[in-house]
Amino acid sequence: SFSCFSVLERAFSLHKSHLIKDMEPTFHLVRNIIPPLSAKKHKGQDGRIGIVGGCQEYTGAPYFAAISALKVGADLSHVFCAREAAPVIKAYSPELIVHPVLDNPDAVREVEKWLPRLHVLVVGPGLGREDALLENVKGIMEASRARGIPVVVDADGLWLVAQQPALIQGYQKAVLTPNHMEFGRLYDAVLGGPVDSADHHSSVLRLSQALGNVTVVQKGEHDVISDGQQVLTCSQEGSGRRCGGQGDLLSGSVAVAAGICILRPLTPVKMSSPLLVAAFGACALTRRCNHQAFQKHGRSTTTTDMVAELGVAFSSLFEA
Ligand SMILES: *[C@@H]1O[C@H](CO)[C@@H](O)[C@H](O)[C@H]1NC(C)=O
């Protein structure tokens, strides 16, 4: 029943060389939309990203998402986290703007004040599952959606979406980045049945369509991406090492790429699927960072090592 969808690139039964060749048209698109650096622009013009996440237990995830957004080219990264997480996240980096508001009864209004100044939100890194926090995040997602701000949802943000799919249903400026387990939970919540794990392409397409063509990135051995119309596979070489935090690097990168692809008015390429291309670019970048970090650090590779590779990985993939 899915024979009519346009598959730009199939992972199955192809050799790696074919896969790389077949990803080339998408790479070409990504390269064409990367804005040149220019002294004429003012600070903030290349992306102000907001990360919604960070609680007492989890402070690393929002940090990795926020610092990755900066290293991919965002001008400013804001983190909206619970009070106790704020000093910890600030201590990791002087480069982030940290707002200790997420467990405040006024959280939605506090974040809303900043929304006019933000281009893209990432919801979920290090969020945890405390009811009060999730209730605030729900309000923040509704407020962002009302303003048409693109939103990347990961981690416990996906847990919230699985409880309340209406939050994201039909919002085509959303990108969901589930891992294997998160994907299964979402799929079950939205489609009411277990995933056919033998056919990633169909499953990802089906979930995207059931959510009203919201872009879905299923992270895995290959990353499978769909916007309800096309399905892309990113098979950029990574390594056998997957470290905790890698997903946060991805969500921060998707946010910057989404900002570029959706918001840039003078894009030289007419794109029918901007978020699909953005997600593909970010997946390729994350995998490339993993590959490069692994070349240097092997088994001891951590997300910090991957973040350090973002600049070179970006150049080698998109500016070569
Ligand atoms: C999603 O995309 C499919 C394939 O192009 C289309 O048939 C369907 O109408 C779209 N759904 C929405 C809600 O836009």
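Definitions and cut-offs
- Residues numbered from 1 in each chain as written.
- Predicted model: local features only at pLDDT ≥ 70, side-chain atom pairs only at ≥ 80, totals over all residues.
- Heavy atoms only, no water.
- Helix = DSSP H or I, 4+ residues; strand = E, 2+ residues; numbered from the N terminus.
- Buried < 20%, exposed > 50% of the residue type's maximum accessible area, 1.4 Å probe, protein only.
- Contact = heavy atoms within 4.5 Å.
- UniProt positions renumbered as here; feature names shortened; annotations may be inferred.
- 1 Å grid on protein atoms, 1.4 Å probe; cavity = no way out; pocket = protein on both sides within 12 Å on 5 of 7 lines; lining within 4 Å.
- Near = heavy atom within 4 Å.
- Polar contact = N/O pair within 3.5 Å; in protein donor to acceptor, adjacent residues only side chain to side chain.
- Areas by Shrake-Rupley, 256 points an atom, 1.4 Å probe, with all protein chains shown as cover.
- Points joined across faces, edges and corners; volume = space filled by probe spheres on them.
- Nonpolar A, V, L, I, M, F, W, Y, C, P; charged D, E, K, R; others polar.
- Phe/Tyr/Trp six-rings, centres within 6.5 Å; stacked < 30°, edge-to-face > 60°.
- Pairing = 2+ DSSP bridges.
- Right-handed = clockwise from strand over helix to strand, strands pointing away.

Honestly, the overall build of the chain in this entry has me stumped. Any pointers?
Along the chain, the regular secondary structure elements total 12 helices and 10 strands. Buried residues in the chain amount to 56% of all 320 residues. Summarising the internal contacts of the chain: among those between residues at least 6 apart in sequence, 68% fall at separations of at least 24.

In this structure, what is going on with the UniProt feature "binding site: (6S)-NADPHX" (unreviewed entry) in the chain? I would like to understand it.
Within this numbering scheme, the UniProt entry marks Gly126, Asn179, His180, Met181, Glu182, Phe183, Gly184, Arg185 and Asp248 as carrying the feature "binding site: (6S)-NADPHX" (unreviewed entry). As for the annotated residues, the ones lining the largest pocket are Asn179, Met181, Glu182, Arg185 and Asp248. Looking at the element boundaries, Asn179 is found in the loop between strand E7 (174-176) and helix H7 (180-191). Residue classification places Asn179 among the partly exposed residues on the basis of a relative accessible area of 30%.

Honestly, the site of the ligand in this entry has me stumped. Any pointers?
Around the ligand, the surrounding shell consists of Gln172, Asn213, Gly228 and Gln229. The separation between an oxygen atom of the ligand and a polar side-chain atom of Gln172 is 3.2 Å. The contact in question runs from an oxygen atom of the ligand to an N or O atom on the side chain of Asn213, over 2.4 Å. Relative to its unbound accessible area of 360 Å², the ligand is 39% covered by the protein chains.

Looking at this structure, I do not really get the layout of surface pockets. What am I missing?
In this approach the atoms are scanned with a rolling probe the size of a water molecule, which exposes any empty space left behind. One number sums up the size of the largest pocket: a volume of about 390 Å³. Looking at the largest pocket, it is lined by 22 residues, and the ones nearest its centre are Asp154, Asn179, Glu182, Lys219 and Gly247. Residue composition of the lining of the largest pocket, grouped by class: five nonpolar, seven polar and 10 charged.

Sorry if this is basic, but what is going on with unusual backbone geometry here?
Residues other than glycine predominantly adopt negative phi, and peptide bonds predominantly adopt the trans conformation. The residue Ala155 is not glycine, and still its phi comes out positive at about 50°. Its place among the elements puts Ala155 in the loop between strand E6 (151-153) and helix H6 (156-163). Even without being a glycine, Asn213 presents a positive backbone phi close to 65°. The residue Asn213 is located in the loop between helix H8 (200-210) and strand E8 (215-218) in this model.

Can you help me understand the packing of aromatic side chains in this one?
According to the stated counting rule, one finds six aromatic pairs in the structure shown. An angle of 55° between the planes, with centres 5.3 Å apart, marks the rings of Tyr63 and Phe64 as tilted. On the accessibility criterion, Tyr63 (17% relative accessible area) is buried. Classification of Phe64 by relative accessible area gives buried; the value is 15%. Here Phe314 and Phe318 contribute two aromatic rings whose centre-to-centre distance is 5.2 Å and whose plane-to-plane angle is 75°, an arrangement assigned as edge-to-face. Here the residue Phe314 and the residue Phe318 both occupy positions in helix H12 (residues 310-318), the gap between them amounting to four residues, near one helical turn. Here Phe314 and Phe318 have matching classes, each one buried.

Please clarify how H8 should be interpreted in this entry.
Helical periodicity: at 3.6 residues per turn, an α-helix aligns residues three or four positions apart in one direction. Residues of H8 that are buried: His201, Ser202, Ser203, Val204, Leu205, Leu207 and Ser208. The first or second residue beyond H8 is Gly212, which carries a positive phi of 85°.

For this particular structure, what's the right way to read the pairing of strand E3 (residues 76-81)?
Consecutive side chains of a regular strand alternate in pointing toward one face of the sheet and then the other. Counting buried positions along E3 gives five out of six residues, so the element sits mostly inside the fold. As judged from the five bridges shared by strand E2 (residues 48-52) and E3, these two strands associate in the parallel manner. Considered in E3, the bridge of Gly50 is made with His78. Crossover handedness for the path E2 to helix H2 (residues 60-72) to E3: right-handed.

I tried to follow empty space enclosed by the protein on my own but got confused; where do I start?
One pass over the full model with this rule turns up two cavities of 30 Å³ or more. One number sums up the size of the largest cavity: a volume of about 140 Å³. Taken together, the elements giving at least two residues each to the lining of the largest cavity come down to helix H1 (16-33), helix H9 (246-263), helix H10 (274-297) and H12. The residue inventory of the lining of the largest cavity, partitioned by class, reads 14 nonpolar, two polar and no charged. Lining the second largest cavity are Met141, Ser144, Arg145, Val151, Leu167, Ile168 and Tyr171. In terms of residue count, the dominant contributor to the lining of the second largest cavity is helix H5 (residues 131-147) (three residues). Classifying every residue of the lining of the second largest cavity by side-chain character gives five nonpolar, one polar and one charged.

For this particular structure, what's the right way to read the pairing of strand E10 (residues 230-234)?
For E10, the tally of buried residues reaches five of five residues, placing the bulk of the element in the interior. The alternating pattern of E10 places Gln230, Leu232 and Cys234 on one face and Val231 and Thr233 on the opposite face, and all of these are buried. Counting the residues in the hairpin turn of strand E9 (residues 223-226) and E10 gives three residues, including Gly228, whose phi is positive at 90°.

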